[in-house]
Amino acid sequence: MLLTPYKTYRLPHLLGAALTLALICFGSTAALAQQREPTMSLAHTVLDESLDEYRFERFSVASADDERHWRVTLAIPTGAAPEAGFPAFWMLDGNAALMEFDTDLLKELALQTAPPVLVFLGYANDLRIDPARMRDYTFSALPDDNAETPPERRGGGANAFLETIERQIRPEIATRVKTDTTQQTLWGHSLGGLFALHTLYTRTGAFSTYAAGSPSLWWADGALLGEPERRFTANNSARPARVLLSMGGGERARDTRHRDMSNPRVQAHLRRVASVPTDSTEKLAERLQLVHGIQASYREFPELSHGLTFRASLMDALHQVVGIPDHSNTRGTIR
């Protein structure tokens, strides 16, 4: 199997071969279609399959004002739990993440010494990607947010969502399955990756591993790279955490061929993206590795665009955290 180049600071650099031509060709089909069609909905998933190794449960939570509703899907190993509980692997954009799993992948996870509970954090609908992520995954509003901006698209709801996770979602999960508090991973892509880093910086100890695929470091003109990072660096006090950062090599080119450049919103977005250097994610990994207690790594997926790193970064995180083979260069199946 061909692996993509991989760097881990604190370990020797590992270099793999380039992705196959078949994967590059795939970049212009299904995954990009999902990226450009935000209304794409869930279809057939592992929830519809019969599986001995995992069972599924779902529950919903609402905000105090009943204006926001989230749906949590749990995949729980059917085997006996370790004394400390199962490890837990949390995923933002839960519906989209769920679409990346199949029965073979779940069987591989179940074969591990301590298979993880999978926590899919989504919304109470069947959209693959819900626009409300812009509100829930970002720590501040944008300058052009105003009264005409739909509430779900206004930034700045990350802390409120973290409160929901800590006060409502975690306690409900605890009633359904015992998880090991020392083995909790939070994975997110794009704005979800931004949220994972914001959680690292503001909720020390909430998770043990933070996996951020193609994090939107450009948000608020790169604000996360300023005072939040400096404050975390100064105050971490050797508290241990693992940070997995990744991005696609194709993101460095910032291809605009499929963008409507006449749209002012598109123009504003591209200006924000350009507010940080293309190597910001890699450089952030280097700086975090210098923080006492932090084990940071960076991986780049050659040729992959921003949308295609969704699956690649998720599979890479499962590989690194759980120990299954690396499926980051596969399409939607591990066969």
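Located above this text is the structure these notes cover.
One structure accompanies this document, and this report is about it. Because the structure is a prediction, the values reported are computed rather than measured.

With that out of the way, let us pick up the overall build of the chain. A tally of helices and strands in the chain yields twelve helices and nine strands. For the chain, the residues scored as buried account for 51% of the 335 residues in total. Considering only contacts within the chain whose residues lie at least 6 apart along the sequence, 72% involve residues at least 24 apart. Summing over all exposed atoms, the chain offers an accessible surface of approximately 15100 Å²; the carbon and sulfur share of this is 53%.

Before going further, it helps to spend a moment on the pattern of salt bridges. Taken as a whole, this structure holds 19 salt bridges when the rule is applied. Of the charged contacts, one joins D126 and R71 as a salt bridge, the two residues approaching to 3.0 Å between their closest N and O atoms. Of this pair, D126 sits in the loop between β5 (117-123) and α5 (133-136) while R71 sits in strand β3 (residues 69-77), placing them 55 residues apart in sequence. Taking relative accessible area as the criterion, D126 reaches 42% and is therefore assigned partly exposed.

Turning our eyes to something else, we now look at helix α4 (residues 103-110). Buried residues of α4: T103, L105, L106 and L109, and no others. All buried residues of α4 project into a common sector of 160 degrees when viewed along the axis, lining one side. In this fold, the buried residues of α4 make contact with β2 (54-62), β5 and α12 (309-322). The backbone nitrogen of D104 has a side-chain oxygen 3.3 Å away, supplied by the residue at the start of α4, namely D102.

If you look at soluble globular proteins, the nonpolar side chains tend to sit buried side by side. Formed by 55 residues in total, the largest nonpolar core has its most connected members in W90, I169, F195, L197, L245 and L288. The biggest single contributor to this core is helix α7 (residues 191-202), with seven residues. Apart from the residues lying within four places of it in its own chain, the contact partners of F195 are L92, D136, Y137, A158, F161, L162, I165 and L186. Membership of the second largest hydrophobic core comes to 26 residues, among which are L105, I129, W187 and M315.

Looking now at the pairing of strand β4 (residues 86-91). Burial analysis of β4 places six of its six residues in the buried class, the great majority of the element. Across five bridges, β4 lies against strand β6 (residues 179-189) in parallel orientation. Its bridge partner lying in β6, A88 is registered against Q184. Note: β4 against β5, four bridges, orientation parallel. Pairing of W90 across the sheet is with V119, part of β5.

Turning our attention to the environment of L197. If you trace the backbone, L197 turns up in helix α7. Each C-alpha atom, one on L197 and one on S216, is 10.0 Å from the other, the two residues being 19 residues apart in sequence. Those residues within four positions of L197 in sequence are excluded, and the remaining contacts are A212, P215, L217, L224, V243, L245 and L284.

Quick look at the pairing of strand β7 (residues 209-213) now. Burial within β7 is extensive, with five of its five residues counted as buried. Summarising the sheet, β6 and β7 pair through five bridges and their orientation is parallel. Note on β7: the bridge partner recorded for L186 is Y210. Crossover connection from β6 via α7 to parallel β7: handedness right-handed. Both β7 and strand β8 (residues 241-248) contribute to a ladder of five bridges, which runs parallel.

This paragraph deals with the environment of W90. Looking at the secondary structure, you find W90 in strand β4. Apart from the residues lying within four places of it in its own chain, the contact partners of W90 are V119, L121, I165, I169, R170, I173, Q184, T185, L186, W187 and F207. In this structure the side chain of W90 is engaged in a polar contact, spanning 2.9 Å, whose partner is the side chain of Q184.

Here we come to the packing of aromatic side chains. Under the defined criterion, the tally for this structure stands at ten aromatic pairs. Ring plane angle 50 degrees and centroid distance 5.4 Å describe the contact between F161 and F195, whose orientation is recorded as tilted. Highlighted residues: F161 in helix α6 (residues 158-176) and F195 in helix α7, separated in sequence by 34 residues. Relative accessible area serves as the criterion here: at 2%, F161 is assigned to the buried category. Ring pairing ties together the aromatic residues W70, Y137, F161 and F195, which thus form one cluster. Residue placement shows R170 over the ring face of F207; its charged tip is 4.6 Å from the ring centre.

Another aspect to go through is the packing of α6 against α7. Where α6 meets α7, the axes come as close as 11 Å, and the angle between the chain directions of the two elements is 75 degrees. The angle between the axes of α6 and α7 places the two elements in the roughly perpendicular class. Contacts between α6 and α7 involve A158, N159, F161, L162 and I165 from the former and F195, H198, T199 and T202 from the latter. The residue makeup of the contact of α6 with α7, split by class, is five nonpolar, four polar and no charged.

Definitions and limits used
- Residues numbered from 1 in each chain as written.
- Predicted model: local features only at pLDDT ≥ 70, side-chain atom pairs only at ≥ 80, totals over all residues.
- Heavy atoms only, no water.
- Helix = DSSP H or I, 4+ residues; strand = E, 2+ residues; numbered from the N terminus.
- Buried < 20%, exposed > 50% of the residue type's maximum accessible area, 1.4 Å probe, protein only.
- Contact = heavy atoms within 4.5 Å.
- Areas by Shrake-Rupley, 256 points an atom, 1.4 Å probe, with all protein chains shown as cover.
- Salt bridge = Lys/Arg side-chain N within 4 Å of Asp/Glu carboxyl O.
- Arc of directions from axis to C-beta.
- Polar contact = N/O pair within 3.5 Å; in protein donor to acceptor, adjacent residues only side chain to side chain.
- Core = buried A, V, L, I, M, F, W, Y, C linked by side-chain atoms within 4.5 Å.
- Pairing = 2+ DSSP bridges.
- Right-handed = clockwise from strand over helix to strand, strands pointing away.
- Phe/Tyr/Trp six-rings, centres within 6.5 Å; stacked < 30°, edge-to-face > 60°.
- Lys NZ or Arg CZ within 6 Å of the ring centre and 35° of its normal.
- Axes fitted to C-alpha atoms, helices over the stretch in contact; angles between N-to-C directions.
- Parallel < 35°, antiparallel > 145°, perpendicular 65-115°, else oblique.
- Nonpolar A, V, L, I, M, F, W, Y, C, P; charged D, E, K, R; others polar.

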